[in-house]
Amino acid sequence: MKYLGFFFSLSFALIIAVGLAINLANLPPLANIFDPFQGFWQNTRNEEQGEIPDKFLDELNEGVEVVYDEHLIPHIYASNEEDLYRVQGYITAQHRLWQMEFQVMATAGRVSEIAGKAALNLDRRMRRMGMGHGAEANIQFMKENEPETLRFMQVYADGVNAFIDQMSPANLPVEYKLLDYQPEHWSPYKTALFLMNMSESLSGDKDLELTNFRNLFGEEWMDGLFPEVVEGTVPVISKESWDFEPLSPIRPANLIYPDSMLISKVLPAKENGLGSNNWAVSGSKTKNGHPILANDPHLRLNLPSLWFVMQLSTDQNTVKGATLPGALGVIIGFNEHVAWGTTNADRDVKDWYAIHFKNESRSEYLYNKQWIQSTKKLETIKIKNEADFIDTVIYTHYGPVVYDKNFMNGKNPLNFALKWTAHDGSAEQKAFLELNHATNHNEFLKAIEVYTSPAQNFVFASDQGDIAMKVQGKYPLKWEGQGKYLMDGSQPEFEWQGYLPADHNPHEMNPERGFVASANQRPANENYPYYVFGDYFEHYRNRRIVNELSNKESITVEDMMALQNDNYHLMAAEIIPTMVQHLDEGSLNPKGMQLLQELKDWDRIADPEKIGPTVFASWWDNLEMRLLEYWETDDLPVAFPSRHQLSQSIKNDPDAEWFDNYATAVIETVSDLINESFLLMVDELSQIQLENNEINWASYKNTHIYHFIPQFEAFGKDSIQVGGGKNMVNATGAAHGPSWKMIVEMGERPKAFGIYPGGQSGNPGSPYYDNFLDKWANGAYIDINLRPKDDQEGILLKHYFYPNE
């Protein structure tokens, strides 16, 4: 039955491949697909069917043993790190090769090679953002400063390539067969590209949207809807004083922004309301007297999963946790002595500069009243079954010109250059390898010193009883307000004035309150002596977490599991009373009264079967949509205030002019907006029910996990029954959510639990492709304790690698 189901799934995937704009001429030869000896039938294998044959691996120094547990988690036992990373590369490729390569091809701007012209704009975007440029800078930096890390990256690549070279056509991952292409060899450059992908995914900015907003509505609206510091903020680091002498950037006098420009097109922005959580609780607040660390990064949900769980052991060290296929070591995890995790710091490390070129050749641009030479880079984009596309990308001293007359061109001539810390040479890979070996707080800090991008909040706990949080990244030294809007690239006064010293980044260890916590909120209080702005800062999850941890004693691992899966909707609890107060209940029809009663009866917990969260979500989304219509932006992209700031304005400033509908001559109020959006909500939910669809929260939210190629619908999952959502600790949205949940209790031996929405195998025909999904949706975990080499319990299979003589 399993094979039959996979046959229909794959046949359907073939049909819908056309939806990816892969026309019939681009489809693979069907005879090859249905070949019983090397076609898709070979992809129905079950990893537990028989022992994996032992292998000889070139350049191994000594033998390496791999033990798989019942969850298909590999535990690699090597005598030295070089052998360890070589086998890590091999094993990762064995289970996730297509995913590794596809993610890197997407980052490099090469999807058109396999998907055709439909992917051209995506490829151009990635190249124009300088993804390859940043990866090349990182490789050069490591050649000059971190040669051992680069050597390990090469060893990992050699392991990946050994698997590719030993692979037969029969066991080629099914995606290669469907898309009719072959894997390429791996390299350290590809690992650097993969880490650039992480930077691109987690480095947001809204400079251009904020520029439009300011130029359309003025400074007063900006100050009211996008304040520099939000009242009631609970920061990541709650220090009241700082033990360093801060640098003082000089704010130039008489600065003039390009304030007349309106930008009609922008690149896709990061979605607000989703993020990550982490915290560590001191033993003084736990039942067993040991620190407990928890982390759940919220990312886009995909199958295969972004994460791959492994244990990596040498004679000197054992580490376990979530790896990222394509990178070395464990990214979020623990060893015998310490545990660590990350959340996104959401700081502004990307700025945009308007460039004025001398003439159409764009070989010179104005800077400091002089003409400066630019650099041209020709990007050749191969397109499947079509001629190559040649794109010319201009580089300035700021960085690449992303927007110009040939790309994202709008109503005005655009030449916008991107300055981004990810373009500077760095060695994030070293930071993670050093974290894998850390044994105490000092070594933790030393490990992340070299980490620059994307900026993260690193949480820490140790078997010595210490807990800590460090906001780590390479942060530009800016004067107040710098980088909030598009800047004039011809004025040197808009340049960054250096970078913050790493030891000036906010950090705390063993705070008096007994815990540290972050959830993408502001890093520090107003007393922090550096300019901090981030439109993405969170204002609900962090307060819920801090409140729960503050009020709990004798905390257990089970308490931390419950908190990671917490569906309490703090935003709804705070704003619904005000919204209902403005509502004209007497004018509602029976359906409206019914939905209002659902809202009033709701306990503010967004569990999957409840209707209350659906009513609130639809009401709020229609309110935001209606307000944007009020502003009449002529479809110009503008930044929209955060849910928290808009809620605060509704409660505290209901007469603000931004609630007025400028399309009418009649002055309107926030009450009009609330009543209009309520009626829109009633219409929306009535229509859904008329179509015989459910309006419970799980159905309305429709959490789904698609394959990396969304058109391969048969390889994804729809309608997952899970609660949570935006601004809740369990931030499970439609396509984003907790991509990895980990809880570690430190002690003589760490006790660890984890789960992610997927499975260890990247093969859709495997029972290990999505076998964790139900546990994840139900808030359950698996044990991921460190496994000694001599442990014979629960072994699924073993794999031995021998050095060639």
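Residue indices follow the written sequence of each chain, beginning from 1 at its first position. Totals for whole chains, interfaces and linings use every residue, but because this is a predicted model, local features are given only for residues with pLDDT of at least 70 and side-chain atom pairs only at 80 or more, for both listing and counting. Side-chain metrics rest on all non-hydrogen atoms present in the structure, leaving aside hydrogens and water.

A.B. asks: Help me understand the overall build of the chain in this model?
C.D. replies: Helical segments are the DSSP runs of H or I of at least four residues, strand segments are the runs of E of at least two, and each set is numbered from the N terminus. Assigned secondary structure in the chain consists of 22 helices and 29 strands. Taking 2.2 N^0.38 as the reference for a compact globule, 805 residues should give roughly 28 Å; the C-alpha atoms of the chain span a radius of gyration of 27 Å, in line with that estimate. The principal-axis extents of the C-alpha atoms in the chain amount to approximately 85 × 65 × 65 Å. Three labels apply to residues, based on accessible area from a 1.4 Å probe with only protein chains included: buried if under 20% of the type maximum, exposed if over 50%, partly exposed otherwise in between. Classification of the 805 residues of the chain by burial places 62% in the buried group. Atoms counted for the radius of gyration: C-alpha only. Globule rule: 2.2 Å times the number of residues to the power 0.38.

A.B. asks: How do you make sense of the pairing of strand β12 (residues 364–367) when you look at a structure like this?
C.D. replies: On any regular strand, side chains alternate: one points to one face of the sheet, the next to the other face. The alternating pattern of β12 places Tyr-365 and Tyr-367 on a buried face and Glu-364 and Leu-366 on a face that is not buried. Each pair of strands is called paired provided DSSP finds at least two bridges between the two strands. In this sheet, strand β13 (residues 370–373) lies alongside β12 in antiparallel orientation, the contact comprising 4 bridges. Its bridge partner lying in β13, Tyr-367 is registered against Gln-370. Linking β12 back to β13 in an antiparallel pair, the connection comprises 2 residues, with Asn-368 at a positive phi of about 55 degrees.

A.B. asks: Help me out: how do you make sense of the sheet that holds strand β11 (residues 350–354) in this one?
C.D. replies: Think of a sheet as strands paired side by side through backbone hydrogen bonds, with each pair either parallel or antiparallel. With mixed pairing, the 4 strands of this open sheet are ordered in space as β16-β17-β11-β20. Both edges of this open sheet fall to β16 (401–403) and β20 (487–488), since each of them pairs with a single strand only. Examined bridge by bridge, β11 and strand β17 (residues 416–420) share 5 bridges and lie antiparallel to one another. Looking at β17, one finds that Trp-352 is bridged to Leu-418.

A.B. asks: Just to check I follow, could you spell out the environment of Tyr-395 for this structure?
C.D. replies: Within the secondary structure, Tyr-395 sits in strand β15 (residues 386–395). Put simply, Tyr-395 and Ser-363 are 32 residues apart on the chain and 9.7 Å apart in space, counted from C-alpha to C-alpha. The contact rule is simple, with two residues in contact once any of their heavy atoms fall within 4.5 Å. Setting aside anything within four residues of it in sequence, one finds Tyr-395 in contact with Arg-127, Gly-130, His-133, Ser-374, Thr-375, Lys-377 and Pro-400.

A.B. asks: Help me understand the nonpolar core in this model?
C.D. replies: Generally speaking, nonpolar side chains in soluble globular proteins are found buried as a group. Counting 177 residues, the largest nonpolar core has Ile-91, Tyr-403, Phe-416 and Leu-549 as its most contacted members. Considering every element that reaches this core, the biggest residue donor is helix α3 (residues 81–108), with 14 residues. Among buried residues, those of type Ala, Val, Leu, Ile, Met, Phe, Trp, Tyr and Cys that are joined through side-chain atoms within 4.5 Å constitute a nonpolar core. Ala-572, Leu-583, Phe-659 and Leu-685 belong to the second-largest nonpolar core, a separate cluster that totals 68 residues.

A.B. asks: What's the story with the confidence of the model for the chain in this structure? I'm lost.
C.D. replies: Parts of the model with low pLDDT should not have their predicted coordinates read in detail. In the predicted model, the chain carries a mean pLDDT of 91, and 92% of its residues have values of at least 70. The predictor's confidence in any single residue is recorded as pLDDT, a number from 0 to 100. Here residues 1–25 is a poorly scored stretch, pLDDT under 50, and it has 56 contacts once near neighbours within four places are set aside; other chains count. Under a pLDDT of 50 for its full length, residues 33–41 has, in the predicted model, 30 contacts with residues more than four places off or in other chains.

A.B. asks: How should the pattern of salt bridges be read in this particular structure?
C.D. replies: Side chains carrying opposite charge are able to pair once their charged atoms draw close together. Should a side-chain nitrogen of Lys or Arg be within 4 Å of a carboxyl oxygen of Asp or Glu, the pair is scored as a salt bridge. All told, the structure shown has 41 salt bridges when counted by the stated rule. Between Glu-59 and Arg-86 there is a salt bridge, and its shortest N-O distance comes to 3.8 Å. With Glu-59 in the loop between β1 (55–57) and β2 (64–69) and Arg-86 in helix α3, this pair connects stretches of sequence that are 27 residues apart. A relative accessible area of 3% places Arg-86 in the buried class. Put simply, Asp-404 and Arg-362 hold a salt bridge, and the shortest N to O gap is 2.8 Å. Of this pair, Asp-404 sits in the loop between β16 and β17 while Arg-362 is found in the loop between β11 and β12, placing the two residues 42 residues apart along the sequence.

A.B. asks: I'm lost on unusual backbone geometry in this one. Help?
C.D. replies: With the exception of glycine, the majority of residues adopt a negative phi angle, and the majority of peptide bonds are in the trans configuration. In this chain, Leu-303 is followed by Pro-304 through a cis amide linkage whose omega measures -5 degrees. The omega torsion across Ser-453 and Pro-454 is -5 degrees, close enough to zero to call that bond cis. With respect to the helices and strands, the residue Pro-454 is situated in the loop between α13 (441–448) and β18 (456–462). Its identity as a non-glycine residue notwithstanding, Leu-72 has a phi of 65 degrees, on the positive side. Counting through the fold element by element, Leu-72 comes out in the loop between β2 and β3 (74–77).

A.B. asks: Please explain helix α5 (residues 120–128) as it appears in this structure.
C.D. replies: Residues that lie three or four places apart on an α-helix share one face, since the helix turns once every 3.6 residues. Along α5, 7 of the 9 residues are buried, which leaves the element largely enclosed by surrounding structure. Every buried residue belonging to α5 is among Leu-120, Asp-123, Arg-124, Arg-125, Met-126, Arg-127 and Arg-128, and all of these are buried. Looking one or two residues beyond α5, the residue adopting positive phi is Gly-130, at roughly 75 degrees.

A.B. asks: I keep staring at the packing of aromatic side chains and nothing clicks. Help me out?
C.D. replies: Aromatic ring pairs are described here by two measures, namely the spacing of the ring centres and the angle between the planes. Stacked, tilted and edge-to-face are the three classes applied to pairs of Phe, Tyr and Trp rings, where Trp contributes its six-membered ring and a pair requires centres within 6.5 Å; stacked means planes under 30 degrees apart, edge-to-face means over 60, and tilted covers the rest. Taken as a whole and assessed by the stated rule, the structure comprises 39 aromatic pairs. With a centroid separation of 4.6 Å and 15 degrees between ring planes, the pair formed by Phe-217 and Trp-221 is classed as stacked. With respect to burial, Phe-217 and Trp-221 carry one shared label: buried. Through a chain of ring-to-ring contacts, three or more aromatic side chains come together here, namely Phe-213, Phe-217, Trp-221, Phe-226, Trp-631, Phe-640, Trp-658 and Phe-659. The residue whose ring lies beneath Lys-474 is Tyr-499, and the NZ or CZ to ring-centre distance is 4.3 Å. A ring is scored as having a charge over it whenever the NZ atom of a lysine or the CZ atom of an arginine sits within 6 Å of its centre and within 35 degrees of its normal.

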